[in-house]
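Architecture at a glance
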Amino acid sequence: MKVAVLIPCYNEELTIDKVVRDWRKALPEATVYVYDNNSRDNTALIAKKAGAIVRRETRQGKGNVIRSMFRDVDADIYVMIDGDDTYPASAARTLMQPILENEADMVIGDRLSNGSYSAENKRPLHDFGNRMVRSLINRLFDSNLRDIMTGYRIFNRRFAKTMPIKSEGFEIETEMTLHALDKNFRIVEIPIDYRDRPEGSVSKLNTFRDGIRVLKTVFRIFKDYRPLAFFTAVALIFFVLGLIVGIPVISEFISTHQIAKIPSAILAVGLMILATNSLTCGFILDTIVSQHRDEYELMLNQHAWQHPLFEEKERIHW
C-alpha cells in the first residue's frame, strides 16, 4: 500500500529538516512530499536535502496547497501534517491503524483531550477559538468531536480524492471536518501529544483574521449544507420583527376599524413576505442538497470501482 506524507510549508527552514527526517524514520515505506508555498527562505532546499520530494504551489494559502496535494499525489493512505514540528511522527502508526482496519475514512490527531495543547499553546485566544468552533459544529451536526482544527490528519484514498476543497487558507481543517460530518464519512479521533513551535519559529496564524475566516466557513457550511435550518432561522427573525411592527397596527384596527400607521402596516407586510420567501427558499434548497447527497453517494460508488484496492480489502475483511 502506498503511503504519502503531505507537508505544506511556508517559511519553515528552522524545522523542516527535522520534520522530514522524523517522518522518514517513522514511516520508512512512505513517500514524503513537501509543497513549498512561496517561501522566502531555504525551506525547499533543506527539505530536498533531507530526502523529501519538493513541489511548489504558487497560489498562497494552505487550502490551495492541500488541494494541489490531493490532486497530484497518488496513494492509498494520506498523512497530512504541518512543517513546524508540533506534531509527533511517532504517533503515525497508531493513527494509521483505523484506516488500515477499515474503521475510519479520516483519523484526527486530537491535541485537546489530554491537555497537551492547553499546556503548550502560548496563545489563549486560539484555545478559546477552538472551543467555540467545536461547540458550534457539534451543535450543528449533532456530533461529539473534540478537536476540530488540528492539522494532524490521516485519510484513505476515497476521502482524499472526493474532497471538494473550497477554502484557501488555514480554515481548510474546519472544512474537512464539516465535509466529513455532512457526507457521513467515518471519523476517529486519537489523542496525541502536541508541542509548541521551537524558539525562533514563527506561527503564520493570525488569531483574528484566521478566526474570522473559520467562522465564515462555518457560516457558509451552515447555509450550504443545512439550508432548511438556516433559512428557517432567518424566516423566524423576519417573522418576529413583523409581529413587533404589526401588532400595534392590528390592535389599532381592532379598536378603530381604521389604519393610521400606514408605513408600519407596509413594513409589517414586507417583513412577513420576506419570512415566507425565506422559508420557501429553505425548503427548495433542502431538496436540492438532499439530491446532491444522493449524487455524491453514487459518485463514491463509482470511485470505489475505479480504485478497487481498498474495496477489495473491504470485501476480504467482511
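Residues numbered from 1 in each chain as written. Predicted model: local features only at pLDDT ≥ 70, side-chain atom pairs only at ≥ 80, totals over all residues. Heavy atoms only, no water.

1. Description of the overall build of the chain
A count of helices and strands for the chain gives 12 helices and seven strands. Taking contacts inside the chain between residues at least 6 apart in sequence as the whole, the part at least 24 apart equals 77%. For the chain, the computed accessible surface area is about 16200 Å², with 59% contributed by carbon and sulfur atoms. (Helix = DSSP H or I, 4+ residues; strand = E, 2+ residues; numbered from the N terminus. Contact = heavy atoms within 4.5 Å. Areas by Shrake-Rupley, 256 points an atom, 1.4 Å probe, with all protein chains shown as cover.)

2. A few points about the environment of Leu145
Tracing the sequence through the fold places Leu145 in the loop between α6 (124–141) and β6 (153–156). With a relative accessible area of 10%, Leu145 lands in the buried category. Residues Leu145 and Arg134 lie 11 residues apart in sequence; the distance between their C-alpha atoms is 7.2 Å. Once you skip the residues sitting within four places of it in the chain, Leu145 turns out to touch Arg134, Asn138, Thr177, Leu181, Ile187 and Glu189. (Buried < 20%, exposed > 50% of the residue type's maximum accessible area, 1.4 Å probe, protein only.)

3. Structural notes on the nonpolar core
Judged by nonpolar contacts, the single largest core of 35 residues is most densely connected at Val5, Ile7, Trp23, Leu27, Val79 and Tyr152. Going through the elements one at a time, β1 (3–9), α1 (16–26), β2 (31–36), α2 (43–50), β4 (77–80) and α4 (92–100) are the ones with two or more residues in this core. Tallying contributions element by element places α1 first for this core, with five residues. Counting 25 residues, the second largest nonpolar core, distinct from the first, contains Tyr35, Phe70, Met163 and Ile165. (Core = buried A, V, L, I, M, F, W, Y, C linked by side-chain atoms within 4.5 Å.)

4. Thoughts on the pattern of salt bridges
The full count for this structure, using the stated rule, is 18 salt bridges. Among the ionic pairs, Asp74 bridges to Lys2, the shortest N-O distance being 3.2 Å. Here the residue Asp74 occupies a position in the loop between α3 (62–72) and β4, and Lys2 occupies one in the segment before β1, the gap between them amounting to 72 residues. You can call Asp74 partly exposed: its relative accessible area is 37%. Put simply, Asp22 and Lys18 hold a salt bridge, and the shortest N to O gap is 2.7 Å. Of this pair, Asp22 and Lys18 both sit in helix α1, separated by four residues, roughly a single helical turn. When its relative accessible area of 26% is taken as the criterion, Asp22 is described as partly exposed. One network of salt bridges, with partners in common, ties together Lys18, Asp22, Asp85 and Arg195. (Salt bridge = Lys/Arg side-chain N within 4 Å of Asp/Glu carboxyl O.)

5. A short note on the pairing of β1
On any regular strand, side chains alternate: one points to one face of the sheet, the next to the other face. For β1, a buried count of seven out of seven residues is recorded, marking the element as mostly surrounded by other parts of the structure. Taking every second residue as pointing to the same face, both faces of β1 are buried, with Val3, Val5, Ile7 and Cys9 on one and Ala4, Leu6 and Pro8 on the other. With six bridges connecting them, β1 and β2 associate as parallel partners. Each residue of the ladder has a partner; that of Cys9, found in β2, is Asp36. (Pairing = 2+ DSSP bridges.)

6. Some points on a nonpolar patch on the surface
Where nonpolar side chains cluster on the molecular surface, the patch consists of Leu236, Ile237, Phe239, Val240, Leu241, Leu243, Ile244 and Ile247 and spans about 710 Å² of accessible area. Among the structural elements, Leu236 can be located in helix α10 (residues 227–256). (Patch = residues over 30% accessible without salt bridge, like charges linked within 9 Å, V, L, I, M, F, W, Y side chains within 5 Å.)

7. A closer look at the sheet that holds β4
Taken together, the seven strands give an open sheet; going across it, the order is β3-β2-β1-β4-β6-β5-β7, and neighbouring strands pair in mixed fashion. At either end of the open sheet lies a strand with only one pairing partner, and these are β3 (53–56) and β7 (187–191). Strand-to-strand, the axes of this sheet are offset by a mean angle of 20°, without reference to chain direction. Packed onto the sheet, α3 meets β1, β2, β3, β4 and β6 and runs at close to 155° relative to β1. (Axes fitted to C-alpha atoms, helices over the stretch in contact; angles between N-to-C directions.)

8. Quick notes on α4
When we look at burial in α4, the residues that qualify are Ala92, Leu95, Met96, Pro98 and Ile99. One side of α4 carries all its buried residues, which in axial view fall inside an arc of 150°. Following α4 by one or two positions, Asn102 has its phi on the positive side, about 60°. (Arc of directions from axis to C-beta.)

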